[in-house]
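Coordinate analysis (summary)
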Amino acid sequence: MKSFEDLAFHCIPALTESWTKPDSDLTTRLNLWAGQLYLEDESAYHHLCNFLGLYSWQPKEGDNIQPDGFIKPEHRHATAIANSSFQNSPVPYLKRLFAARRKGMDYSPTHIGKILRGRLLSGEDFHKEDVGPAK
């Protein structure tokens, strides 16, 4: 199945040659709102976590991370996550949003399901043949 990440699937009228894929911020926000459960690659994972204020690395001693993976603004130091605009964890809201969209169907084994449960993803999660968007 073709990935829809580039927003170029079935466009009417046809896209011009000069058209380019939207920036990753817009793609991240659209994917969240649309309820996409799988991420394109590890780069998209880190970008999503930075946007949401969630950790995406193996924590070190002294890292102040909430159980859902959120890092409060006062504990963000010189990392990409420091640019997140969330002051409070978006995880409870996103859990309700995805649960409503899935209408009771389990999404916990998906990339988003793991992220919302505070689990770290690894490169291995993006290379499994049986899950995620096809390239």
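Residues numbered from 1 in each chain as written. Predicted model: local features only at pLDDT ≥ 70, side-chain atom pairs only at ≥ 80, totals over all residues. Heavy atoms only, no water.

1. Remarks on helix α1 (residues 24-34)
Turning to α1, its buried residues are Thr-27, Thr-28, Asn-31 and Leu-32. One side of α1 holds all its buried residues, which, seen down the axis, span an arc of 130 degrees. For α1, exposure combined with an orientation more than 90 degrees from the buried face picks out Trp-33 and Ala-34. Tucked inside the fold, the buried residues of α1 contact α2 (42-52) and α3 (91-102). Looking one or two residues past α1, Gly-35 carries a phi angle of roughly 85 degrees, positive in sign. (Buried < 20%, exposed > 50% of the residue type's maximum accessible area, 1.4 Å probe, protein only. Helix = DSSP H or I, 4+ residues; strand = E, 2+ residues; numbered from the N terminus. Arc of directions from axis to C-beta. Contact = heavy atoms within 4.5 Å.)

2. Observations concerning the layout of surface pockets
Empty space within the largest pocket amounts to approximately 250 Å³. As for the largest pocket, its lining consists of 19 residues, and the residues nearest its centre are Glu-5, Ser-24, Thr-27, Thr-28 and Ala-44. It is α1 that contributes the most residues to the lining of the largest pocket, five residues altogether. (1 Å grid on protein atoms, 1.4 Å probe; cavity = no way out; pocket = protein on both sides within 12 Å on 5 of 7 lines; lining within 4 Å. Points joined across faces, edges and corners; volume = space filled by probe spheres on them.)

3. Quick notes on the environment of His-47
Take His-47: it is sitting in helix α2. Discounting chain neighbours no more than four positions away, the residues touching His-47 are Ser-24, Asp-25 and Thr-28.

4. Here we look at empty space enclosed by the protein
All told, the structure shown has one cavity of 30 Å³ or more when counted by the stated rule. If you add up the space inside the largest cavity, you get close to 40 Å³. Taken together, Tyr-45, Cys-49, Leu-54, Tyr-55, Asp-68, Gly-69, Ile-115, Gly-118 and Arg-119 make up the full set of residues lining the largest cavity.

5. Description of the packing of aromatic side chains
Under the definition given, this model contains four aromatic pairs. Ring geometry for Phe-98 versus Tyr-107: centroids 6.0 Å apart, planes at 35 degrees, classification tilted. (Phe/Tyr/Trp six-rings, centres within 6.5 Å; stacked < 30°, edge-to-face > 60°.)

Function cannot be read off these values alone, since they describe shape.
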